[in-house]
Amino acid sequence: MSTIKTVCVYCGSGPGTNPNFIEAAKALGKSLADNKIRLVYGGGSLGLMGAVATSVLDHGGTVTGIIPDFLRMRENALTRVQEMVVTPDMHERKRLMFERSDAFVALPGGLGTLEELVEQLTWQQLGRHAKPVLLANVDNFWEPLFSLVSHMRQTQFIRAGLSVDILKADKIEEIVPRLRAAAAQIPDSQRDLAPDVARKL
């Protein structure tokens with residue numbers, strides 16, 4: 001059985017057009033802090049990234065930011081975090097985010113958010129990790145992706161034996177319980193394989 005001590009949150013470096021996106025990020029930050037779960041995220045102070053991290057800090061939680069050097073100025077690295085790791089490139093950033101996290105949550109975001117999310121789903125599909133991956137479906141933001149995954153199944157590009165286990169939460173308060181329930185089902189043997197996976201891919 002695995003436990004959730006750290007959660008990696010992927011999300012936009014902009015606020016989006018819907019005020020509920022920012023509110024959801026703040027609510028998730030408070031939930032993580034209240035549950036004594038460390039946030040691992042992309043290190044910026046802007047948009048949803050800044051909102052979730054600032055909320056964790058404002059509610060007494062702990063944050064690890066991981067940001068490539070070339071984005072420190074562009075995304076205004078958040079200086080309040082307890083730990084800020086600066087990497088030479090995006091690949092190292094993603095590797096460290098993976099290694100330091102027990103689970104992954106995707107809030108609304110753009111191509112970067114989608115790319116990071118799909119990478120974790122792909123690694124999970126190929127049996128390289130068993131960490132929970134959850135989509136925070138704020139105001140149905142991720143419904144087009146769920147439809148696409150369904151279409152991939154129907155057209156047999158996601159075949160039997162290559163299932164994709166995507167957790168979904170329509171409400172922020174559902175996220176931590178669902179991550180914990182999923183983590184509790186992970187055998188220790190699978191959990192122990194995880195830390196060096198990204199180095200081998």
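None of the values given here were measured: they were computed from a predicted structure.

1. Overview of the overall build of the protein chain
- Assigned secondary structure in the protein chain consists of eight helices and seven strands.
- Taking 201 residues into account, the globule formula puts the C-alpha radius of gyration at 17 Å, and the protein chain, at 16 Å, falls close to it.
- With the principal axes as the frame, the protein chain shows a C-alpha extent of 45 × 35 × 30 Å.
- Here the protein chain holds 201 residues, and the buried ones make up 47% of them.
- Look at the contacts in the protein chain between residues 6 or more apart in sequence, and 71% of them connect residues 24 or more apart.
- Where the 23 positive side-chain charges of the protein chain centre and where its 22 negative ones centre are 3 Å apart.

2. Points about the pattern of salt bridges
- What the rule picks out here adds up to eleven salt bridges.
- One salt bridge in this structure joins D34 and K30, with 2.7 Å as the shortest N-O distance. A residue pair is termed a helical-turn pair when its members lie 3 or 4 positions apart in one helix, as D34 and K30 do in helix α1 (residues 19–34) at four residues.
- By relative accessible area, which is 43% here, D34 ends up partly exposed.
- With a shortest N-O distance of 2.5 Å, E115 and K94 are connected by a salt bridge. With E115 in helix α4 (residues 111–125) and K94 in helix α3 (residues 90–99), this residue pair connects regions lying 21 residues apart in the sequence.

3. Considerations on the state of the cysteines
- Evaluated as defined, the whole model comprises zero disulfides.
- C11 provides the cysteine sulfur closest to C8, a residue in no disulfide bond, and the two sulfurs are 9.1 Å apart.
- Judged by its relative accessible area of 7%, C11 falls in the buried class.

4. Re the packing of α1 against helix α2 (residues 47–58)
- Following both chains from N to C, one finds α1 and α2 inclined at 30 degrees, their axes separated by 7 Å at the closest point. As summarised for this structure, α1 and α2 are arranged roughly parallel, according to the angle between their axes. Handedness of the α1/α2 crossing: right-handed. Residues F21, I22, A25, K26, L28, G29, K30, L32 and A33 of α1 touch α2, and the partners they reach there are G47, L48, A51, V52, S55 and V56.
- In terms of residue class, the contact of α1 with α2 is made up of ten nonpolar, three polar and two charged.

5. Regarding the packing of aromatic side chains
- All told, the structure shown has five aromatic pairs when counted by the stated rule.
- Between F98 and W123, the ring centres sit 5.3 Å apart and the planes meet at 85 degrees, which makes this aromatic pair edge-to-face. With F98 in helix α3 and W123 in helix α4, the pair connects residues that are 25 residues apart, well separated along the chain.
- Owing to a relative accessible area of 11%, W123 belongs among the buried residues under this scheme.
- Put simply, the rings of Y10, F98, F104 and W123 touch in pairs and so form one group of aromatic residues.
- Above the plane of the ring of F146 lies K168, whose end atom (NZ or CZ) is 5.0 Å from the centre.

Cut-offs applied
- Residues numbered from 1 in each chain as written.
- Predicted model: local features only at pLDDT ≥ 70, side-chain atom pairs only at ≥ 80, totals over all residues.
- Heavy atoms only, no water.
- Helix = DSSP H or I, 4+ residues; strand = E, 2+ residues; numbered from the N terminus.
- Rg over C-alpha atoms; globule rule 2.2 N^0.38 Å.
- Buried < 20%, exposed > 50% of the residue type's maximum accessible area, 1.4 Å probe, protein only.
- Contact = heavy atoms within 4.5 Å.
- Lys, Arg positive; Asp, Glu negative; His and termini not counted.
- Charge placed at Lys NZ, Arg CZ, Asp CG, Glu CD.
- Salt bridge = Lys/Arg side-chain N within 4 Å of Asp/Glu carboxyl O.
- Disulfide = S-S within 2.5 Å.
- Axes fitted to C-alpha atoms, helices over the stretch in contact; angles between N-to-C directions.
- Parallel < 35°, antiparallel > 145°, perpendicular 65-115°, else oblique.
- Left-handed = near helix turned anticlockwise from the far one by under 90°.
- Nonpolar A, V, L, I, M, F, W, Y, C, P; charged D, E, K, R; others polar.
- Phe/Tyr/Trp six-rings, centres within 6.5 Å; stacked < 30°, edge-to-face > 60°.
- Lys NZ or Arg CZ within 6 Å of the ring centre and 35° of its normal.

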